[in-house]
Amino acid sequence: MQAPDLPKNEPSRLNSLKQTGLLDTQPEPRFDRLTHLAQLCLGTEIVLVSLIDADRQWFKSKQGLDACETIRDISFCGYTILGEGIFEVPDALLDNRFADNPLVLNAPHIRFYAGVPLVSDGENIGTLCFIDSKPRQFTEKERQIATEMGKAIEQEIQDRLQEHAHEQLAAREQMYRSVLEGTRIGTWQWNVQTGETVLNERWADIMGFTLAELEPVSVDTWLNLLHPDDVADSEAQLEAHLSGKTPFYDIKCRMKHKQGHYVWVHDRGKVVANTADGKPLMMYGTHADITLQQLSEIALQKNRDELYKLTQQLPGVVYQYQSWPDGRSAFPYASSGIETIYGVTPEEVRSDATNAFAKIHPDDLELLVNSIERSIETLSLWELEYRVIADNGSSKWLSGSATPERMPDGSTLWHGYIQDITQTKEHYLKLEELNQQLNIAQQSLDLASEQAQIGYWQASLKHGTLWWSPMIYQIFGLNEQDFNPSVSLFKRALHPDDVVKVEQSEDQARITGIHNVIHRIIRPNGEVRWVHELGQLVSEDKNPDLIMIGSVQDITDRMKLQKIKDDFISTVSHELRTPLTSIGGALNLLQSGKIISLPEKAQKLMDIASSNCMQLSRLINDLLDIEKLAAGKMLFEMKPLNVPPLIQRALNDHQPYADLHNITLALQHAPQINDIRIYVDEHRLLQILTNFLSNAVKFSPQNGKVTLSASVIGNQIEIAVQDQGSGIPDDFKSRIFEKFSQADASSSKAKGGTGLGLALCKELTEAMHGKIGFDSSTEQGARFYVRFALTD
């Protein structure tokens, strides 16, 4: 038996077969009718529509046969797709290629075979084949009938593809139409050359018209409704787009309403087709009603003008403070009183708030920054009393209060007032020394105020008493009139699986003063909710009853979204890994030159594609590792290990990469660590060190040096990697171990990276009960380390 050869165009042939969408589908009358008719016309025992897949032939339609598929190596149809015409075998027992074929010697005992190639997209994807258990030979007329039947099958395949394409097109069109209707957006089409214009009903409705009232529609319909003062600007913007100077036509203008007033619209459009000689032909666009938004902006500016006049007379400073996600901050508006408060002019801080922050008392700077970050996260009222240092070295107390709002660009803008309270504060401090109990009550009030819109509570860890606000009744699903707050009531509401977690957090709070735990509760109706408990213990020297004040926030929706996100990342990562592996293998094979020798430019493109493929593969692996860690599914093979062989292996494994970047790798460790062991997973520790070394090499200068060291610190071993790079930017240090964090876009593009490596290192280190950290300065570069406890 001889297996059929593979066609030279096998990859493109298989792709064409896949594009038909026929494989492994249910039987369809459109094909079964034709095979039955072919059987009646030519009188063969078996008629099949056979599709030749990579390792099998699968039967889309069959007459006279029960099997659904056979392996490709024993197929007759594998020979048929190698040619263009009918492939005919009069007697398989007399043909050396098939005499010992299992399909000849066993059922269905093939003696006669004739196959017509089925073509789709220029490729032979399968056959229409005729089989008999007796020798036979088609007449010329029978060959013509078989050929015509094959063409009919091909036409059905094309019709099927066309029908599916129409269905998809109709679905997309319905989706786009639903989006437009749901967002209440007007649309327009304009033939730039003829002036022919098509508007939808919503376009006219924005101006209070029906489309019929605007007939006949042309470009003049728009010009006649446009405010005269906006014509010049609109035409200039249009000309800039038509000439190719701008990618879009985008303008906010006024249009005359049917009732005589003007409405504001946001008009956007883009040229989507050009004439043969390159001139703009068709332009499509949208029309959105932004009247309320625009009027609000105008009113806001008017209010700002009035506010300016009023605020200049106040003793403090009325201001707007804005903070962006990238760390920038500024005072877009500040009254002249800021010079008295901070010693800076409004102009000096309008685009950069650095000069104002330089005046903050060093002991209060961290408190101020944390309060701003907390207000950003919760959009809660910002209130703080803090000190500033005057130019003469004296300090004064300030009291600030501001309300935040989130801006469209992701920044946060506060509107507030700061005043000098030095005298008041001094009196208060004196009073605080005389009345300690009043101070505790004041702290309770301050902390409760910070928890606005969140349930808050007060508990005595010494006496076991508990009080909570009405919001907590709602969170726990309790009726305020039926229950009194108590520790036992709270314990009964805890989810049984989370009791230990809450008790551990309470025990830890007695040591650290902070109670911070996320857990589940069960409402009386059986509903399970997620809550976030956050509490702070007033310092014991001022709090003999061990009063703790805190909040409870219902975070059920956030936890559901987090699970959806994690499931999505896991699914996408797994689904990408298989095709990505195939792509990577194909790219490596093409790069090797074993299939074809590529031109230099093509080879460079293949190198780029291969590099990006590897980068994406690393990202997916990191995502999967993080997902496993988050789900608690990552297995660790923990065992006592000597450190020197581990770090030597890490260094050796990374030497080729360092040589590629002209970086020297050095190893340092104290002699006393030779006989000391740590309890870790060898593979995961090497994964951490590989990430450290890779980052150090990438961010080191040419001919630089990277040092891998190990030393004993107390009862721990520290393994560290030191580079000679430029160090870590100050504004990035707080986010360095967060997922998808990178210092800046230019660095990520130049050096490569997914933004997951250090986050994964942190998770792995903590999972092995270790500690991770870093030191950095512009003079000495960056130093990343992990520490693990010594073991016997």
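Residues numbered from 1 in each chain as written. Predicted model: local features only at pLDDT ≥ 70, side-chain atom pairs only at ≥ 80, totals over all residues. Heavy atoms only, no water.

So, the pattern of salt bridges
Inspection of every chain in the model, using the stated rule, returns 38 salt bridges. Note that Arg-111 and Asp-91 form a salt bridge whose closest N and O atoms lie 2.8 Å from each other. One end of the pair, Arg-111, is in the loop between helix H4 (102–105) and strand E5 (112–120); the other, Asp-91, is in the loop between strand E4 (87–89) and H4, and 20 residues separate them in sequence. With relative accessibility at 13%, the residue Asp-91 sits in the buried group. Via salt bridges that share partners, Asp-24, Asp-53, Arg-56 and Glu-69 belong to a single interconnected network. (Salt bridge = Lys/Arg side-chain N within 4 Å of Asp/Glu carboxyl O. Helix = DSSP H or I, 4+ residues; strand = E, 2+ residues; numbered from the N terminus. Buried < 20%, exposed > 50% of the residue type's maximum accessible area, 1.4 Å probe, protein only.)

Structural notes on the confidence of the model for the protein
Looking at the protein as a whole, the pLDDT averages 84, with 85% of positions reaching at least 70. Predicted confidence for residues 448–452 stays below pLDDT 50, and this span has four contacts to residues more than four positions away or in other chains. Segment residues 745–750: pLDDT under 50, and four contacts once partners within four positions in sequence are set aside and those in other chains are kept. (pLDDT = per-residue confidence, 0-100. Contact = heavy atoms within 4.5 Å.)

Some details on the packing of helix H21 (residues 643–660) against helix H22 (residues 682–698)
Taken N-terminus to C-terminus, the directions of H21 and H22 make an angle of 40 degrees; their axes are 10 Å apart at the nearest point. In terms of their interaxial angle, H21 and H22 are classed as oblique. In the packing of H21 onto H22, the handedness of the crossing is right-handed. Residues Leu-646, Ile-647, Arg-649, Ala-650, Leu-651, His-654, Tyr-657 and Ala-658 of H21 form the contact with H22, whose own contacting residues are Glu-682, Leu-685, Leu-686, Leu-689, Thr-690, Leu-693, Ser-694, Val-697 and Lys-698. Here the contact of H21 with H22 is built from residues that sort into 11 nonpolar, three polar and three charged. (Axes fitted to C-alpha atoms, helices over the stretch in contact; angles between N-to-C directions. Parallel < 35°, antiparallel > 145°, perpendicular 65-115°, else oblique. Left-handed = near helix turned anticlockwise from the far one by under 90°. Nonpolar A, V, L, I, M, F, W, Y, C, P; charged D, E, K, R; others polar.)

Concerning the packing of aromatic side chains
All chains considered together, the criterion is met by 22 aromatic pairs. When the ring of Tyr-456 is compared with that of Trp-467, the centres are 5.7 Å apart and the planes differ by 50 degrees; the resulting orientation is tilted. Note that Tyr-456 is positioned in strand E17 (residues 455–460) and Trp-467 in strand E18 (residues 466–468), a separation of 11 residues in sequence. For Trp-467, a relative accessible area of 44% puts it in the partly exposed group. Centroid distance Phe-476 to Phe-490: 6.2 Å. Interplanar angle 50 degrees. Geometry classified as tilted. Linking Phe-476 in helix H16 (residues 470–476) with Phe-490 in helix H17 (residues 487–493), this pair joins segments that are 14 residues apart in sequence. Assigned by exposure class, Phe-476 and Phe-490 land together as buried. An aromatic cluster is built from Tyr-319, Tyr-321, Phe-331, Tyr-342, Phe-357 and Trp-414, whose rings are joined through pairwise contacts. Arg-136 extends its terminal NZ or CZ atom over the ring of Phe-112, reaching a point 5.9 Å from the ring centre. A cation over an aromatic ring shows up here: Lys-270 above the ring of Phe-248, its NZ or CZ 5.0 Å from the ring centre. (Phe/Tyr/Trp six-rings, centres within 6.5 Å; stacked < 30°, edge-to-face > 60°. Lys NZ or Arg CZ within 6 Å of the ring centre and 35° of its normal.)

Digging into the sheet that holds strand E3 (residues 69–71)
Read across the open sheet, the six strands follow the order E3-E2-E1-E6-E5-E4; overall the sheet is antiparallel. Single-partner strands in this sheet number two, and they are E3 and E4. Strand-to-strand twist of the sheet, defined as the mean angle between neighbouring strand axes without regard to direction, takes the value 25 degrees. In this structure, E4 lies alongside E5, joined through three bridges in antiparallel fashion. Along E5, the bridge assignment pairs Phe-87 with Gly-115. Packing against the sheet, helix H1 (residues 10–20) makes contact with strand E1 (46–52), E5 and strand E6 (123–132), and its axis sits at approximately 80 degrees to E6. (Pairing = 2+ DSSP bridges.)

A look at the environment of Leu-48
Within the fold, Leu-48 resides in strand E1. Look at Leu-48 and you get buried, because its relative accessible area is 3%. Between the alpha carbons of Leu-48 and Asp-32 there is a distance of 9.2 Å; along the sequence they are 16 residues apart. Ignoring anything within four residues of it in the chain, the contact list for Leu-48 reads Phe-59, Ser-61, Lys-62, Gln-63, Leu-65, Thr-127, Leu-128, Cys-129 and Ile-131.

Some points on the side chain of Arg-13
One can find Arg-13 in helix H1. Beyond its immediate sequence surroundings of up to four residues, Arg-13 is in contact with Pro-7, Ile-52, Asp-53, Arg-72, Ile-81, Glu-123, Asn-124 and Ile-125.

Notes on a nonpolar patch on the surface
A surface patch of nonpolar side chains, about 320 Å² in accessible area, is lined by Leu-93, Leu-94 and Leu-105. Here Leu-94 shows up in the loop between E4 and H4. (Patch = residues over 30% accessible without salt bridge, like charges linked within 9 Å, V, L, I, M, F, W, Y side chains within 5 Å. Areas by Shrake-Rupley, 256 points an atom, 1.4 Å probe, with all protein chains shown as cover.)

Topic: helix H2 (residues 29–42)
In this model, H2 (14 residues) spans 20 Å end to end at C-alpha, consistent with the 20 Å of a helix rising 1.5 Å per residue. Among all positions in H2, only Arg-30, Phe-31, Leu-34, Thr-35, Ala-38, Gln-39 and Leu-42 are buried. With its buried residues spanning 170 degrees around the axis, H2 presents them on a single face. For H2, the exposed residues lying more than 90 degrees away from the buried face are Pro-29, Arg-33 and Leu-40. Just downstream of H2, Gly-43 is the residue with a positive phi angle, here 70 degrees. (Expected span 1.5 Å × (residues − 1). Arc of directions from axis to C-beta.)

Section: the environment of Ser-726
As for its placement among the helices and strands, Ser-726 is situated in the loop between strand E26 (716–722) and helix H23 (730–733). Overall, the relative accessible area of 59% leaves Ser-726 in the exposed class.

Brief notes about the environment of Pro-11
Considering the arrangement of structural elements, one finds Pro-11 in helix H1. With relative accessibility at 64%, the residue Pro-11 sits in the exposed group. Between the C-alpha atom of Pro-11 and that of Ala-54, which follows or precedes it by 43 residues, the distance is 9.2 Å.

Concerning H1
Taken together, the buried positions of H1 are occupied by Glu-10, Arg-13, Ser-16, Leu-17 and Thr-20. Around the axis of H1, the buried residues are gathered within 125 degrees of arc, so they sit on the same side. Along H1, the residues that are exposed and aim more than 90 degrees away from the buried face are Pro-11, Lys-18 and Gln-19.

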